[in-house]
Structure formats: structure tokens, C-alpha cells
Amino acid sequence: MHQNNNIVYRGKKLEEAGKVLIMLHGRGASAEDILSLSSYFKLNDDFAIIAPQATNHTWYPYSFLAEPSQNEPFLSSAIELLNGIVNDVVSKGIAKEKIYFLGFSQGACLTLEFVARYATRWGGAIAFTGGLIGDKLYAEKYKGDFAGTPIFIGTSDPDFHVPVQRVKDSTSLLTKINANVKEIVYKDMGHTIIQEEIDWANKWVLNNNQNV
């Protein structure tokens, strides 16, 4: 369980920040690993960066395509941890539309799952190789309204962990609840993050220039 989670903070102090980026690492990785990516993004001096560290370096034990019950209680615990971080940020006077999320792989799945379960006008979300969680998509879990929140999803075709069809189905569901999704499938990219994805994440989400 994640209650004693180590949360790493970078950038502005929450009390002084205008915006917040919450970064979620992949399976087997660490908060420090995902934080090392932050220098690639166009984050102005206004950003506080928060990266929680999953217990034993994994947010939930099985594939994101397993039946949700198989990944419990860990999945619910991870969602609650994020909820706690968001509540803490909001309590410091930062509105939800100034909160951004970024994740890679397992962290990307958790990013999309969290923002969709609590769909509202977030600052934006960046999912490097991920999709919504479950053996199938349970649309009834996602009841909110993104009100145009920009979301970038980049993935590889093929990807060993994340089927392209799940990415497409996730984009479709997110769009239905009014997310503004930019999905790009890269041929044979591999399970990694490439510069072009970073450029899109900067343009589409962090700089919120959706005319590109």
C-alpha cells in the first residue's frame, strides 16, 4: 500500500507556485527517474513539480489489462494517493485547471485512469505509452466532464505492454467526456519516450496551444 509513500518535490514551493505538474513513474522505476525528464519540458518558473514514489517501484502488481480486482488494493491505494496530493495542492490555493499530470507506461495508465475518474477542467495530462485501466473499459467509472482539458497520448505500434487498440479506445472514451485529445501512434518506436512526443506534450498541453 502507498500510505507511507515518499513524495519528491522540485521547482517552486507549493505555497508560491502558480501551477503544479504531478509526474508518475513507470513500473520498476522511481520518482527520481521521472523527475529527470522535467528538464525536457517547457516549465516556467511558476511550476511546482511533485513525483510520488510507488512502494516497491510499482503502482499495482499485474498488467493494466488485468481485471481491476486483481490489482487491488494497490490500484485504489494509488488513486487515493493522487487524490490526496491533488487535495493538498488545492488547499494551497491552486485551482484544478492549473494542475497538470504526466506519466510513462504504468504511470501513464495511472495518469489517464485518475484524470478520467475525476474528470474536470484540469490543466492537462500527458500519457507516454498508456491507456485506461481494466480488462475492458468500464465507461460507468468515468462520469465527469473534462471541459476541453488537453490530453496528449503517444504510443508505439506495436508496444509489448500497451495494445494500440486500448490506446484508441481510451482516446475515444476521453473524447466523449470532453477531453481535447491528441493521440499519436509511432511505428516501431519501442517502449520509450522520443523527442517528438516531448515536443507535442509541450505544445499541446503545457503551452496549451491547440491550434498546432
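Residues numbered from 1 in each chain as written. Predicted model: local features only at pLDDT ≥ 70, side-chain atom pairs only at ≥ 80, totals over all residues. Heavy atoms only, no water.

> How would you explain the packing of helix α2 (residues 74-91) against helix α3 (residues 106-117) if you had to name every residue and give the values?
Close contact between α2 and α3 brings their axes to 10 Å; oriented N to C, the two are set at 65°. What the angle tells us is that α2 and α3 run roughly perpendicular. Here α2 and α3 pass one another in a crossing that is right-handed. When α2 is examined against α3, the residues Leu75, Ala78, Ile79, Leu82, Asn83 and Val86 are found in contact with a partner set consisting of Leu110, Glu113, Phe114 and Arg117. Among the residues forming the contact of α2 with α3, the class breakdown is seven nonpolar, one polar and two charged. (Axes fitted to C-alpha atoms, helices over the stretch in contact; angles between N-to-C directions. Helix = DSSP H or I, 4+ residues; strand = E, 2+ residues; numbered from the N terminus. Parallel < 35°, antiparallel > 145°, perpendicular 65-115°, else oblique. Left-handed = near helix turned anticlockwise from the far one by under 90°. Contact = heavy atoms within 4.5 Å. Nonpolar A, V, L, I, M, F, W, Y, C, P; charged D, E, K, R; others polar.)

> Which residues make up unusual backbone geometry, and what values go with them?
In this chain, Glu72 is followed by Pro73 through a cis amide linkage whose omega measures 5°. Along the chain, the position of Pro73 falls in the loop between β3 (47-53) and α2. The phi dihedral of Asn56 falls on the positive side, at around 55°, and the residue is not glycine. The exposed category is assigned to Asn56, whose relative accessible area is 68%. For Ala147, which is not glycine, the phi torsion reads 50° and is therefore positive. Among the structural elements, Ala147 can be located in the loop between β5 (124-128) and β6 (150-157). (Buried < 20%, exposed > 50% of the residue type's maximum accessible area, 1.4 Å probe, protein only.)

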